[in-house]
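# Observations on the three-dimensional arrangement
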Amino acid sequence: MKYDIKSIKLAASGKKRIEWADRDMPVLRDIREEFKKNKPLKGIRISACLHVTSETANLMRTLKEGGAETVLCASNPLSTQDEVAASLVKDYGISVFAITGINNKGYYKHLNAAISIEPHITMDDGADLISTLHKKRKDLIKNILGGTEETTTGVIRLKAMAAKKVLEFPVIAVNDSYTKYLFDNRYGTGQSTMDGILRSTNRLIAGSVFTVAGYGWCGKGTAMRAKGMGANVIITEVDPIKALEAHMDGFRVMKMNDACKTSDFIVTVTGDINVIDKHHFKSMKDGCIIANSGHFDVEINTKALKKMSKKITEIRDNLTEYMVGKKNVYLLANGRLVNLSSAEGHPACVMDMSFANQALGATYILKNYKKMKKDVYKLPDNVDSNIAKRKMRSLSIKFDTLTPEQKEYLSSWQIGT
Ligand code: ADE
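Once a new chain begins, its residue numbering starts again from 1 and follows that chain's sequence as written. In keeping with the predicted nature of the model, local features appear solely for residues at pLDDT of at least 70, side-chain atom pairs appear and are counted solely at 80 or more, and the whole-chain, interface and lining totals rest on all residues. Side-chain calculation: all heavy atoms of the structure are included, whereas hydrogens and water are not.

### A short note on the overall build of the protein chain
Helix and strand definitions here come from DSSP, where helices need a minimum of 4 consecutive H or I residues and strands a minimum of 2 consecutive E residues; each element is numbered from the N-terminal end. Within the protein chain, the secondary structure is distributed over 17 helices and 15 strands. All radius of gyration figures rest on C-alpha atoms, and the globule criterion is 2.2 Å times the number of residues raised to 0.38. What you see for the protein chain is a C-alpha radius of gyration of 22 Å, in line with the 22 Å of a compact globule of 417 residues. Dimensions of the protein chain, computed from C-alpha atoms along their principal axes, come out at roughly 70 × 65 × 45 Å. Think of it in three bands: with a 1.4 Å probe and only protein chains considered, a residue is buried below 20% of the maximum accessible area for its type, exposed above 50%, and partly exposed in between. The buried share of the protein chain, reckoned over its 417 residues, is 55%. In these tables, accessible area is a Shrake-Rupley quantity obtained with a 1.4 Å probe, and a residue counts as shielded only by the protein chains included in the view. Total accessible area computed for the protein chain in this model is approximately 19,600 Å², and 53% of it derives from carbon and sulfur atoms. By the counting rule applied here, Lys and Arg register as positive and Asp and Glu as negative, while His and the ends of each chain are not counted. Lysine's charge is taken at NZ, arginine's at CZ, aspartate's at CG and glutamate's at CD. For the protein chain, the centre of its 63 positive side-chain charges and the centre of its 46 negative side-chain charges are spaced 4 Å apart.

See the structure below:
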């Protein structure tokens with residue numbers, strides 16, 4: 001088995017972390033048991049480019065139990081948990097190409113190693129695998145039945161490819177399942193972003209002015225948690241509907257130009273570039289802490305920040321001080337996603353549902369690829385609600401069902417006032 005990891009000696013602690021996460025992933029465990037019995041992925045090769053965390057390890061175990069041959073590479077150079085990578089190789093016999101802190105060349109070397117197995121299915125978080133296959137390894141596309149995509153940013157890239165008619169195989173947008181974005185994006189990002197900020201700074205949130213750029217599901221979750229910790233939250237938005245929603249949710253809405261002057265913290269979760277730019281750094285409040293929790297490290301213009309700084313000092317892990325004029329601003333995790341670089345990503349409880357979608361997305365492709373077009377698809381609603389039902393069962397929460405009379409009422413149109 002081929003692999004490239006930091007050290008195989010880290011496996012013992014990685015295994016404990018994987019097992020700890022698994023205790024809070026009952027839906028994925030359930031699917032793993034079914035996969036073990038039915039082997040729906042027998043003979044299928046899967047290349048996965050995901051954050052190498054203990055939660056992802058449990059997805060890889062599930063795919064392997066389903067009969068798949070899998071290779072995992074990292075979807076971000078800073079998010080790899082090296083002990084988890086070691087345990088996947090040593091204890092679970094899964095090929096991993098991932099080392100935390102790897103440079104850009106090494107990152108793509110790993111990605112190429114992952115696709116060298118000539119996959120039938122790709123699994124992406126950010127669409128780097130699919131993008132590389134389409135740009136550089138078109139020769140491998142003929143074997144591919146379909147792919148899955150984990151995150152909003154990746155889905156946006158893939159929809160752009162489909163619109164330009166360059167996408168060569170169908171892709172399941174896992175992100176677009178309710179059991180993904182309503183939980184992972186909102187509660188997962190909300191908690192893990194605060195976790196990353198706290199681990200890097202140990203600053204008090206209560207009483208601070210905390211700006212969240214972007215009021216999508218990730219922004220909503222982050223704003224909700226910052227408010228819950230006592231911050232005075234500001235939202236910046238470009239979409240008038242989301243801006244209005246933020247206003248009616250009780251947040252102050254303003255332009256970044258104004259928000260940056262008073263903020264103690266600014267977090268970007270927009271999916272777009274240069275949301276915090278040169279002119280913002282200039283007018284920022286002294287001591288402002290800035291972080292990005294969007295997928296790519298493009299939301300904060302770190303190049304401009306480096307260029308305009310008179311002095312750059314590493315203060316502690318993932319916390320860098322930039323002297324801009326007479327002021328200091330503090331950048332977390334070099335502008336890479338703070339929740340996975342400074343903390344451990346979303347808790348297992350929500351990744352349980354995201355990765356249940358991934359596992360069932362793979363089997364959906366196998367059953368349906370012949371009738372799917374070269375397009376981006378959502379998983380059917382019955383798969384989505386089946387995941388929610390399993391989660392509810394695991395939580396021992398009972399809920400109502402429609403009576404026959406209520407069902408009939410909902411499908412009738414004659415009864416009115
Ligand atoms: N994305 C966000 N959190 C994650 C986690 N814990 N594992 C894998 N991918 C993630």
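### Looking at the nonpolar core
Ranked by size, the top nonpolar core spans 49 residues in total, and within it Leu41, Ile46, Val52, Leu59, Leu63, Leu88 and Val96 carry the most contacts. The leading source of residues in this core is helix α15 (residues 348-368), at nine residues. In contact with Ile46, other than residues within four places in its own chain, are Leu41, Leu63, Ala68, Glu69, Thr70, Val71, Ile117, Ile121 and Met123. Listed in part, the 26 residues of the second largest apolar core include Val71, Ala127, Ile141 and Leu158. Nonpolar cores are built from buried Ala, Val, Leu, Ile, Met, Phe, Trp, Tyr and Cys residues. Side-chain atoms within 4.5 Å join them into one set. Any two residues having at least one pair of non-hydrogen atoms within 4.5 Å are treated as being in contact.

### A short note on the side chain of Ser75
Relative to the helices and strands, Ser75 is located in the loop between β2 (69-74) and α4 (82-92). For Ser75, the contacting residues outside a window of four places in its chain are Cys49, Leu50, His51, Tyr107, Asp125 and His295.

### Structural notes on the site of the ligand
Residues are labelled near a given molecule or strand when at least one of their non-hydrogen atoms is within 4 Å of it. As a structural note, the neighbourhood of the ligand is formed by His51, Thr53, Glu55, Thr56, Leu340, Glu344, Gly345, His346, Met351 and Phe355. The term polar contact refers here to a pair of N or O atoms within 3.5 Å; inside protein, the definition further demands a hydrogen-donor-capable atom paired with an acceptor-capable atom, and it admits residues adjacent in sequence only when both atoms are side-chain atoms. Side-chain polar atom of Glu55 to a nitrogen atom of the ligand: 2.9 Å apart, as the coordinates give it. Within the contact set of the ligand, a nitrogen atom lies 2.8 Å away from a backbone nitrogen or oxygen of His346. In isolation the ligand has 260 Å² of accessible area, and contact with the protein removes 96% of it. Elements with a minimum of two residues in the shell around the ligand: α3 (54-65) and α15.

### Re the packing of aromatic side chains
Ring geometry is summarised as follows: Phe, Tyr and Trp rings, the Trp one being its six-membered ring, pair when their centres sit within 6.5 Å, and such pairs are stacked at plane angles under 30 degrees, edge-to-face over 60 and tilted between the two. Under the counting rule described, the total for this entry stands at six aromatic pairs. Their ring planes at 45 degrees and their centres at 5.9 Å tell us that Tyr178 and Tyr181 sit as a pair that is tilted. Of the two residues, Tyr178 and Tyr181 both sit in helix α8 (residues 178-201), three residues apart, roughly one turn of that helix. Taking the relative accessible area as the measure of exposure, Tyr178 reaches 43% and is therefore partly exposed. Arranged with centres 5.9 Å apart and planes meeting at 70 degrees, the rings of Tyr215 and Phe251 form a pair that is edge-to-face. Residue Tyr215 is found in the loop between β7 (209-213) and α9 (217-228), and its partner Phe251 is found in the loop between α10 (240-248) and β9 (252-253); the two are separated by 36 residues along the sequence. Each member of the pair, Tyr215 as well as Phe251, carries the same accessibility label: buried.

### Section: the packing of α3 against α15
Every axis corresponds to a line fitted to the C-alpha atoms, with the helix fit spanning only the stretch in contact, and the corresponding angles, defined between N-to-C directions, vary from 0 to 180 degrees. Their axes nearest at 10 Å, the elements α3 and α15 cross at an angle of 30 degrees. As α3 runs across α15, the sense of the crossing is right-handed. Residues Glu55, Thr56, Leu59, Thr62 and Leu63 of α3 touch α15, and the partners they reach there are Ala348, Met351, Phe355, Gln358 and Ala359. For the contact of α3 with α15, the per-class residue count stands at six nonpolar, three polar and one charged. Handedness of a helix crossing follows the sense of rotation of the near helix relative to the far helix, less than a right angle counterclockwise being left-handed and clockwise being right-handed. Following the grouping adopted for this structure description, the nonpolar residues are Ala, Val, Leu, Ile, Met, Phe, Trp, Tyr, Cys and Pro, the charged ones are Asp, Glu, Lys and Arg, and the polar ones are all others, Gly among them.

### Points about α9
Multiplying one less than the number of residues by 1.5 Å gives the expected span of a helix. With 12 residues, α9 extends 16 Å from end C-alpha to end C-alpha; this agrees with the ideal 16 Å at 1.5 Å per step. Of the residues making up α9, those classed as buried are Cys218, Gly219, Lys220, Gly221, Thr222, Ala223 and Ala226. Along its buried surface, α9 packs onto α8, β7, β8 (232-236) and α10. Remark: Gly230 follows α9 within two positions and exhibits a positive phi of approximately 100 degrees.

### Quick look at the sheet that holds strand β11 (residues 289-292)
The strand order β9-β8-β7-β10-β11-β14-β13-β12 describes an open sheet built from eight strands, whose pairing is mixed. Because the sheet does not close on itself, it has two edges, and the strands there are β9 and β12 (311-316). The pairing criterion for strands is at least two bridges between them, as found by DSSP.

### Section: a nonpolar patch on the surface
In this scheme, patches are assembled from residues that exceed 30% relative accessible area and form no salt bridge. Like charges are connected within 9 Å, while nonpolar side chains (Val, Leu, Ile, Met, Phe, Trp, Tyr) are connected within 5 Å. Here, a salt bridge means any Lys or Arg side-chain nitrogen found within 4 Å of an Asp or Glu carboxyl oxygen. A cluster of nonpolar residues, Leu402, Tyr409, Leu410 and Ile415, forms a patch on the protein surface that exposes about 460 Å² of accessible area. Leu402 gets classed as partly exposed once you look at its relative accessible area, which sits at 45%.

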